[in-house]
Amino acid sequence: KGILSDQHKCIYKGRSVSLTTFYRTARNTMNMCFNKEPGAAEVEQEYWRIVEQKECHVAVHYGKVDTKTHGSGFPVGKSEPFSKHGWNLTVLPNNSASILRHLGAVPGVTIPWLNIGMVFSTSCWFRDHNSLPYIDYLHTGADCIWYCIPAEEKAKLDKVVHTLLQANGTPGLEMLEKNIMISPEVLHREGIKVHRTVQRSGEFIVCFPGTFVSRVCCGYNVSETVHFASPQWMNLGYQAAKDLKCRRIEKPFSMEKLLYQIATSESKRENGYILSTISSLIKDLRDLEMRQREELYRAGLLCTARYGTHDAHAPSEGKKKPRKWLALETSERRCQICQHLCYLSMVVQENENIVFCLECALRHVEKHRSCRGLKMMYRYDEDQINSLVSLVCGKAKAQNGEICNGVIPSRTSARRGPRKRATVQVSLSRISSSHLPTSISSST
């Protein structure tokens, strides 16, 4: 309780400043802390000394910039060198091997963002909520120290953090996501595998799905980050989306939308490899959607209509002009209860401008024992959903001639699968215990 209350005294939302002002502040902070330009080991030792001893208060700043608004550190002009290079992070989200290209431009996911730090700027322990891999490039400035805990340490880390923070029933990993910084040396002594690496200017860092990372800046620097995902991520991402919905955590994009965009686009290309990867997921999504709709119908919900691009076909509306807020894209409509992005369907309470996902609508109906004032808005009807699922499943299984979803698919020409690429094994050095003191503290 004490640790969590301290974070509110130490972490504040900053104000918007120019890059020049930030650089000047970073330079002054460095001069107050060090007599000369320090190395990564020197910054690291001083950082953990301050955190452990708590004898002085050091205020530092950290900036995050949307590249769509303020520009990227990579060249973007058509005539500029490397503007179309594969390692350009403004190009990477549209790589043909990344399925996130089907999402389009999503801030904080497929649109890169800039990280601007100064000495002691800290990113506390975190993992991506969607279990997405991401890549970070250090454009310029001082080194950045990264600590990493592999995803397979998840269960052990949960127990260790729960014990260290005396969580009193709260899962340890949920505590760790509340801007808590724990010394990697403490975790290492508790049997957690912790790795350390130093990122220098001009170097990339790739973070794999489910990895826990934290980092400390060694001075003024500017890096850029963006997400990507291979088809193999889909199963992990689908489960992560379910978990976020149960925990009522807001997601930056809709997994339903991603699945349907992939299904529609790749079916036209007859990409059997990707379609076979998502076929079981889209069937599971279809079954869940149809079951929840049927339960709502049985509960007495009779008023339904299409929305979005299908508003013109909405039944029983006649010449009545549809409400503007109902015509909004579903990316702008979240369930009031669980923050779920409603893509396939939603239940609205028109008089109060309230949106529910189907699951939360069922709970609402059960609680109030009435469907009065509720209307189900849907993007696709049952026949359209079943048709798309059958198409995906049929093309995915066509090469083997298997029966899928009760339909024997017709054979299509075999498509060449992706070539196997050589993998590079990167070994990160084990964290040294020679100069890191032990501590558990909130981020400053």
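These numbers were taken from a predicted model, which means no experiment stands behind them. Along every chain, residues carry numbers that run from 1 in the direction the sequence is written. Only residues with pLDDT of at least 70 are given local features in this predicted model, and only at 80 or more are side-chain atom pairs given and counted; all residues enter the totals for whole chains, interfaces and linings. Note that water and hydrogens are dropped before the side-chain values are worked out from all heavy atoms of the structure.

(A) Representation of the overall build of the protein within the structure. Under the DSSP-based scheme used, a helix requires at least four consecutive residues in state H or I and a strand at least two consecutive residues in state E, with every element numbered from the N terminus. Across its full length, the protein holds 12 helices and 15 strands. Within the protein, the proportion of its 444 residues that are buried is 47%. In what follows, a contact means two residues having at least one pair of non-hydrogen atoms within 4.5 Å. Considering only intrachain contacts with a sequence separation of at least 6, the fraction spanning at least 24 residues in the protein is 77%. For every accessible area listed, the method is Shrake-Rupley and the probe measures 1.4 Å; residues are considered covered only by the protein chains on display. If you sum the accessible surface of the protein, you get close to 23800 Å²; carbon and sulfur atoms cover 49% of it. Note on classification: 1.4 Å probe, protein chains only; a residue is buried when its accessible area is under 20% of the maximum for its type, exposed when over 50%, partly exposed between these limits.

(B) Spatial organisation of the sheet that holds strand β1 (residues 62-66). The pairing criterion for strands is at least two bridges between them, as found by DSSP. An order of β1-β2-β10-β4-β8 is seen for the five strands of this open sheet, with the pairing classed as antiparallel. Every interior strand has two partners, whereas the edge strands, β1 and β8 (204-207), have only one. Each adjacent strand pair in this sheet contributes to an overall mean axis angle of 20°, direction not counted. As paired strands, strand β2 (residues 113-117) and strand β10 (residues 221-227) are joined by five bridges and run antiparallel to one another. For Leu114, the partnering residue across the bridge sits in β10 and is Glu224. Axes here mean lines fitted to C-alpha atoms, for a helix over just the part in contact, with angles spanning 0 to 180 degrees between N-to-C directions.

(C) Looking closely at the environment of His57. One can find His57 in the loop between α3 (40-53) and β1. Taking the relative accessible area as the measure of exposure, His57 reaches 61% and is therefore exposed. The sequence separation of His57 and Cys10 amounts to 47 residues, and the corresponding C-alpha distance is 9.4 Å.

(D) Main features of the nonpolar core. Within the largest apolar cluster, 43 residues are counted, with the highest numbers of intra-cluster contacts made by Phe120, Trp125, Ile149, Leu157, Ile182 and Leu187. If you tally residues by element for this core, the top one is α3, at six residues. With residues near it in sequence (within four places) discarded, Phe120 still touches Cys33, Phe34, Val43, Glu46, Tyr47, Ile50, Val58, Val60, Val216 and Cys217. Definition used in this section: a nonpolar core is a set of buried Ala, Val, Leu, Ile, Met, Phe, Trp, Tyr and Cys residues joined via side-chain atoms within 4.5 Å. Among the nonpolar cores identified, the runner-up in size contains 32 residues, and Leu258, Ile274, Leu281 and Ala396 belong to it.

(E) Representation of the pattern of salt bridges. One side-chain nitrogen of Lys or Arg within 4 Å of one carboxyl oxygen of Asp or Glu is enough to make a salt bridge. Applying the stated criterion to the full structure yields 20 salt bridges. A salt bridge links Arg247 to Glu177, with the shortest nitrogen-to-oxygen separation between them at 2.9 Å. You can see Arg247 sitting in the loop between α8 (233-246) and α9 (255-269) and its partner Glu177 sitting in the loop between α6 (172-176) and β6 (180-182), a full 70 residues away along the chain. With relative accessibility at 24%, the residue Glu177 sits in the partly exposed group. Across the salt bridge formed by Asp287 and Arg286, the nearest N and O atoms sit 2.7 Å from each other. The network of salt bridges with shared partners includes Arg127, Glu174, Glu177, Asp243 and Arg247.

(F) Molecular detail of the packing of aromatic side chains. Aromatic pairs are defined between Phe, Tyr and Trp rings, using the six-membered ring for Trp, whenever the two ring centres lie within 6.5 Å; interplanar angles under 30 degrees are classed as stacked, those over 60 as edge-to-face, and all others as tilted. The tally for this structure, following the rule as stated, stands at 12 aromatic pairs. With 6.3 Å between their ring centres and 50° between their planes, Phe22 and Tyr220 make a pair best called tilted. Here Tyr220 lies in the loop between β9 (212-217) and β10 and Phe22 lies in helix α2 (residues 19-33), a separation of 198 residues in the sequence. Of the aromatic side chains, those joined through ring pairs into one cluster are Phe34, Tyr47, Trp48, Phe120 and Tyr147.

(G) Here's a closer look at the sheet that holds strand β5 (residues 144-149). Sheet architecture is open: four strands sit in the order β3-β9-β5-β7, paired in antiparallel fashion. If you trace the sheet from one side to the other, it starts and ends with β3 (122-126) and β7 (195-199), each paired once. Across the sheet, the mean angle from the axis of one strand to that of its neighbour is 15°, orientation sign disregarded. Relative to β9, β3 is paired through three bridges, and the arrangement is antiparallel. Along β9, the bridge assignment pairs Phe126 with Val213. With respect to the sheet, α3 is in contact with β3, β5, β7 and β9, its orientation differing from that of β5 by roughly 65°.

(H) Examining α2 more closely. Given the number of residues in a helix, its expected span is that number minus one, multiplied by 1.5 Å. If you check α2, its first and last C-alpha atoms are 21 Å apart, about what 15 residues at 1.5 Å a residue would give, namely 21 Å. Along α2, the positions that sit buried rather than exposed are Phe22, Ala26, Thr29 and Met30. Relative to the axis of α2, the buried residues are bounded by an arc of 100° and lie together on one face. Counted as exposed and oriented over 90 degrees from the buried face of α2: Thr20, Asn31 and Met32. Looking at the buried side of α2, the elements it contacts are β1 and β2. As used here, the arc is the angular range of directions from the helix axis to the C-beta atoms.

Note that all results are geometric; they support no functional claim without further evidence.
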